[in-house]
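# Structural characterization, general
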Amino acid sequence: MKSMIGAMLFSIAVSVNAACPVQHPRVQPEIPDAAVATAQQMHRAQLEAEQYLLQGQLYLDCGYMNRRQHNQLVGEMERFAERYQSELMEYRSRSQMVVNEQYRPATSGADLVAR
């Protein structure tokens, strides 16, 4: 009886694992250096980051990792998201500085002398 229950539980576990729609996200996307990245590179990085994090979340939802593996993947995803967010904020800051420089009102020579 016990072996029958064990075999049934094993077959259920195998079928649940086989039903997971995604694979473990093993490779994190490359995050461009915000100091030199173009808008196109940052947009592509955004799409790749969203895909990586979505794939990771879907894989976590499948639930076939032990607690250590689960926590490890969650930690990897959190560190990746923090690195991406940091580069994104730096890129936005750099882009805003460029915009401010482009639209700064011109001053006359007399204004510069008076200062």
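Above: the structure in question.
Right, let's walk through the structure included here. (Residues numbered from 1 in each chain as written. Predicted model: local features only at pLDDT ≥ 70, side-chain atom pairs only at ≥ 80, totals over all residues. Heavy atoms only, no water.)

### Concerning the nonpolar core
Let me state the cut-off plainly: The definition of a nonpolar core used throughout is a set of buried Ala, Val, Leu, Ile, Met, Phe, Trp, Tyr and Cys residues joined through side-chain atoms within 4.5 Å. Burial classes follow relative accessibility: with a 1.4 Å probe on protein chains only, a residue under 20% of its type's maximum area counts as buried, one over 50% as exposed, and anything between as partly exposed. Numbered from the N terminus, helices here are DSSP runs of H or I no shorter than four residues, and strands are runs of E no shorter than two. Only heavy atoms matter for contacts: two residues are in contact if any of them lie within 4.5 Å across the pair.
If you look at the biggest cluster of nonpolar residues, it comprises 19 residues, and the most contacted ones within it are Tyr-59, Leu-73 and Tyr-84. Here this core takes seven residues from helix 2 (residues 39-62), the largest share from any one element. In this view, Leu-73 contacts His-24, Pro-25, Gly-56, Tyr-59, Leu-60 and Met-65; residues no more than four positions away in its chain are not counted.

### What to know about the state of the cysteines
The test is simple: The rule for a disulfide is simple: a pair of cysteine sulfur atoms within 2.5 Å.
Enumeration according to the criterion identifies one disulfide in this entry. There is a disulfide in this structure between Cys-20 and Cys-62, and the S-S distance comes to 1.9 Å. Handedness of the Cys-20-Cys-62 disulfide follows from its S-S torsion of about 85 degrees: it is right-handed. Of this pair, Cys-20 sits in the loop between helix 1 (2-18) and helix 2 while Cys-62 sits in helix 2, placing them 42 residues apart in sequence.

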